[in-house]
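Breakdown of the fold
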Amino acid sequence: MTSSKDLPIPDYDHLLLSDIEHRLKGLDAGSVDRLLEHERAYAARPAAIVLLEQRRAQLREDPGAEPSPGEGPDPAAPRVDQVGQHPSPHQASPQTQGPPQNPPSQGVPTNPAQPRR
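This text gives an overview of the structure that appears in the document. (Residues numbered from 1 in each chain as written. Predicted model: local features only at pLDDT ≥ 70, side-chain atom pairs only at ≥ 80, totals over all residues. Heavy atoms only, no water.)

1. Looking at the overall build of the protein
Scanning the protein for helices and strands turns up three helices and zero strands. Traced from its N-terminal end to its C-terminal end, the protein shows the element sequence α-α-α. Residues classed as buried in the protein amount to 19% of the 117 residues present. Carbon and sulfur atoms make up 52% of the accessible area of the protein, which totals about 8700 Å². (Helix = DSSP H or I, 4+ residues; strand = E, 2+ residues; numbered from the N terminus. Buried < 20%, exposed > 50% of the residue type's maximum accessible area, 1.4 Å probe, protein only. Areas by Shrake-Rupley, 256 points an atom, 1.4 Å probe, with all protein chains shown as cover.)

Written out as structure tokens, the structure reads:
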């Protein structure tokens, strides 16, 4: 069995399927086989197994489906461990908040059964 440290894709266990699919394009058949073995032994995600099997079949059956070394994730995109650490360009502030609103006529929003005074 392959440990997560020996996998050809760093942080493989924490990636979304779309990221895995994109990164598979740069791997050879042996690397895909190692990922498939790891996936079956640990997470066993059906969609990931199908994705890996399809890529393995492409590499073995089609001589033109060689790995593409130039393809990979966007280097500017945040990694999984960085999500939530970058400030959003659309953060709320007093300048961007909406106008104050009155509570609905049927009661206080935090307790609709209690009438307003």
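Let's pick the thread back up.
2. Overview of helix H3 (residues 46-61)
For H3, built from 16 residues, the straight-helix expectation of 22 Å at 1.5 Å per residue is met to within 8% by its first-to-last C-alpha distance of 22 Å. Residues Ala48, Ile49, Leu51, Leu52, Arg55 and Leu59 constitute the buried set of H3. Here the buried residues of H3 occupy an arc of 160° about the axis, which is enough to place them on one side. For H3, the exposed residues set more than 90 degrees away from the buried face come down to Pro46, Arg60 and Glu61. Against the buried residues of H3 lie helix H1 (17-24) and helix H2 (29-41). (Expected span 1.5 Å × (residues − 1). Arc of directions from axis to C-beta. Contact = heavy atoms within 4.5 Å.)

3. Description of the pattern of salt bridges
Charged atoms that come close allow side chains of opposite charge to pair. If you walk through the whole model with that rule in mind, you get four salt bridges. Of the charged contacts in the structure, one is a salt bridge between Arg45 and Glu39, with a shortest N-O distance of 2.9 Å. When its relative accessible area of 1% is taken as the criterion, Glu39 is described as buried. Residues Arg40 and Glu53 are paired through a salt bridge, measuring 2.2 Å at the closest nitrogen-oxygen approach. Of the two residues, Arg40 sits in helix H2 while Glu53 sits in helix H3, which places them 13 residues apart along the sequence. Arg40 gets classed as partly exposed once you look at its relative accessible area, which sits at 43%. Residue classification places Glu53 among the partly exposed residues on the basis of a relative accessible area of 29%. A cluster of three or more residues bridged by salt bridges with shared partners is formed by Asp33, Arg56 and Arg60. (Salt bridge = Lys/Arg side-chain N within 4 Å of Asp/Glu carboxyl O.)

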